[in-house]
Amino acid sequence: MAVTILDVAKLCGYSKATVSRAFASPEQVSDKTREKVYAAARALNYTPDAIARAMVRGRTDNIGFVIYEKQYPVVLNPFYSPIFESVLQTCAQHGYSLFISSDRDLHLPNGQTCVKKQMDGVILAGHSDMQTVLDLQQQNMPVVLLNNALDLDHLLCVTTDQYGGAVLAMRHLAERGHRRIGLIAGNFSPHVYMARYNGYCDVLREIGQPIDFRLVQSIEPTVEAAIACTSLMLSLSDRPTALFCTNDTIAIGAMKAVLRAGLRIPQDIAIVGFDDSENSRLVEPELTTVHVDKVAMGRIAAERLIAQIEQSPAEKQVIQTDVRLIVRQTT
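A brief look at the structure comes next. Worth saying up front: this structure is predicted, and the values here are computed from it rather than measured.

### With respect to the nonpolar core
- Residues Ile 63, Phe 65, Ile 83, Val 87, Leu 146, Tyr 200 and Phe 244 are the most contacted members of the largest nonpolar core, which totals 49 residues.
- The element that contributes the greatest number of residues to this core is helix H12 (residues 294-309), accounting for seven residues.
- Met 233, Ile 250, Val 258 and Val 283 belong to the second largest nonpolar core, which has 20 residues in total.

### Some thoughts on the pattern of salt bridges
- The full count for this structure, using the stated rule, is 16 salt bridges.
- With a closest N to O distance of 2.6 Å, Asp 151 and Lys 316 form a salt bridge. Residue Asp 151 is located in the loop between strand S4 (143-146) and strand S5 (156-160), and its partner Lys 316 is located in the loop between H12 and strand S11 (317-321); the two are separated by 165 residues in the primary sequence.
- Asp 151 gets classed as exposed once you look at its relative accessible area, which sits at 59%.
- Between Arg 214 and Asp 238 there is a salt bridge, with the nearest N and O atoms lying 2.7 Å from each other. One end of the pair, Arg 214, is in the loop between helix H8 (190-206) and strand S7 (216-219); the other, Asp 238, is in the loop between helix H9 (223-234) and strand S8 (242-245), and 24 residues separate them in sequence.
- Among the charged side chains, a salt-bridge network with shared partners connects Asp 276, Glu 278, Arg 281, Glu 286 and Arg 328.

### Remarks on helix H6 (residues 130-138)
- Within the sequence span of H6, burial applies to Thr 132, Val 133, Asp 135 and Leu 136. Taken end-on, H6 shows its buried residues confined to a sector of 160°, consistent with a single buried face.
- In this fold, the buried residues of H6 make contact with strand S3 (121-125) and S4.
- Regarding H6, its N-cap is Asp 129, as a side-chain oxygen of that residue lies 3.2 Å from the backbone nitrogen of Gln 131 further along.
- Once H6 finishes, Asn 140 follows within two positions and takes phi at roughly 60°, a positive value.

### Re the sheet that holds strand S10 (residues 288-292)
- Overall, mixed pairing links the six strands, which are arranged S7-S6-S8-S9-S10-S12 in an open sheet. If you trace the sheet from one side to the other, it starts and ends with S7 and strand S12 (323-326), each paired once. Taking the axes of each pair of neighbouring strands and ignoring which way they run, one obtains an average angle of 15° across the sheet.
- Of the strand pairs in this sheet, S8 and strand S9 (residues 270-275) are connected by three bridges, and their pairing is parallel. Across the sheet, the residue bridging to Phe 244 is Val 272, located in S9.
- On the sheet, H8 packs against strand S6 (181-186), S7, S8 and S9 and is oriented at approximately 175° with respect to S6.

### Remarks on the pairing of S8
- Side chains Ala 242 and Phe 244 of S8 all project onto a buried face; the interleaved residues Leu 243 and Cys 245 project onto the opposite face, where all are buried too.
- Where S6 meets S8, four bridges bridge the pair, whose relative direction is parallel. Looking at S8, one finds that Ile 184 is bridged to Cys 245.
- Handedness of the β-α-β unit built from S8, helix H10 (residues 248-260) and S9 comes out right-handed.

### As for the sheet that holds strand S2 (residues 97-102)
- Across the sheet, six strands lie side by side as S2-S1-S3-S4-S5-S11; this open sheet has parallel pairing. Every interior strand has two partners, whereas the edge strands, S2 and S11, have only one. Recorded for the sheet is a direction-independent mean angle of 20° between the axes of neighbouring strands.
- The pairing of S5 with S11 spans five bridges and is classified as parallel.

### Notes on the pairing of S3
- A large share of S3 lies buried, amounting to five of its five residues.
- Burial along S3 is two-sided: the residues Gly 121, Ile 123 and Ala 125 and Val 122 and Leu 124 are all buried.
- Bridging between strand S1 (residues 62-67) and S3 involves five bridges; their strand directions are parallel. Across the sheet, residue Val 66 finds its bridge partner in S3, namely Leu 124.

### Details of unusual backbone geometry
- Going from Ile 265 to Pro 266, the amide bond is cis rather than trans, its omega being 10°.
- Tracing the chain through its elements places Pro 266 in the loop between H10 and S9.
- A cis amide bond links Glu 284 to the next residue, Pro 285, at an omega of 0°.
- Assignment of secondary structure puts Pro 285 in the loop between helix H11 (279-282) and S10.
- At Asp 276, a position not held by glycine, the phi torsion is positive, near 55°.
- Along the chain, the position of Asp 276 falls in the loop between S9 and H11.
- On the accessibility criterion, Asp 276 (8% relative accessible area) is buried.

Rules and cut-offs
In every chain, residue numbers begin from 1 and rise along the written sequence. Given that the model is predicted, a residue must reach a pLDDT of at least 70 before its local features are reported, and side-chain atom pairs must reach 80 or more before they are shown or counted; all residues, however, enter totals for whole chains, interfaces and linings. Only hydrogens and water are set aside when side-chain values are computed; all heavy atoms of the structure are taken into account. Joining through side-chain atoms within 4.5 Å is the link that ties buried Ala, Val, Leu, Ile, Met, Phe, Trp, Tyr and Cys residues into a set, and such a set is a nonpolar core. Burial classification: accessible surface area is computed with a 1.4 Å probe over protein chains only, and a residue below 20% of its type maximum counts as buried, one above 50% as exposed, and the rest as partly exposed. Secondary structure elements are taken from DSSP: a helix is a run of H or I of four residues or more, a strand is a run of E of two residues or more, and numbering for both begins at the N terminus. When a carboxyl oxygen of Asp or Glu is within 4 Å of a side-chain nitrogen of Lys or Arg, the pair counts as a salt bridge. In this context, the arc is that of the directions from the helix axis out to the C-beta atoms. Here, residues are in contact when the closest pair of their heavy atoms is within 4.5 Å. We call two N or O atoms a polar contact when they sit within 3.5 Å, provided that within protein one can donate a hydrogen and the other can accept it, with sequence-adjacent residues counted only if both atoms are side-chain atoms. Think of it this way: DSSP has to see at least two bridges between two strands before they count as a pair. To get an axis, a line is fitted to the C-alpha atoms, and for a helix only the part in contact is used. The angle between two axes follows their N-to-C directions and goes from 0 to 180 degrees. By convention, orient the strands away from the viewer: a clockwise path from the first strand over the helix to the second makes the crossover right-handed.

Structure, rendered in structure tokens:
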């Protein structure tokens, strides 16, 4: 028969309540008592039941990482994969398990928002609508928004300097003499999209260049969509001399289209990406891009969510990690 907590209590000589407390709230028993209970448990090969422990403590030690459906699976996403790894490591350091799903899994057939597995808190990564966050907050579910920002009370948002990164990329191109600069923007969350778009427009104004809306395109952030979009821009009689792409995947698609058209990078067309994903160093020529500290984003999101779970008051705040430009061969 399976070993129970009563067997451990009998062997170590303490009550069932004391043994339970040693596992559920070890800080509430003395070191001597705790070690004696643990020694008895090891001798009997006893492992406390996770469900029972969760009921006693009122916590499951589980955290959900929920990513926007179009960017799922996270392990194959060049931007979110290192973020997820950072979240995973931080959770493990604090004794939490991490579960991953897409935002589709949050919604029941009737449209209600519901975390289907028992979780102590949720990190919502990428595009997320305000109603989903409100529904989770109304269920007293601690929430942190990652790589996005919404204006909601008691909501912590962890993002990067989206606007500043776009300004760095555009000024870099302008300093190299480019004036006809195209923007290929991915259909990300409004927060990300507008910040990078505004950075593009503001630098054009700085250099006295009007916005040519033929050179401003929004696409799904895939290589295929970027190839098609770039090919259309290249067909213009007054084609751009440079492209600012709002992530590295788009930039790589743009590179493929330029090279297929028989043009040279950067001599004929310069290209800048955004994210500094691993792929930016794998392509040839290597991609100039805006570096985002993805490890820091993941760590901060996990630490702040765990603080909320462990009774730190939820706060309305937007935390931005710093960015920097990594100049490589495409400019």
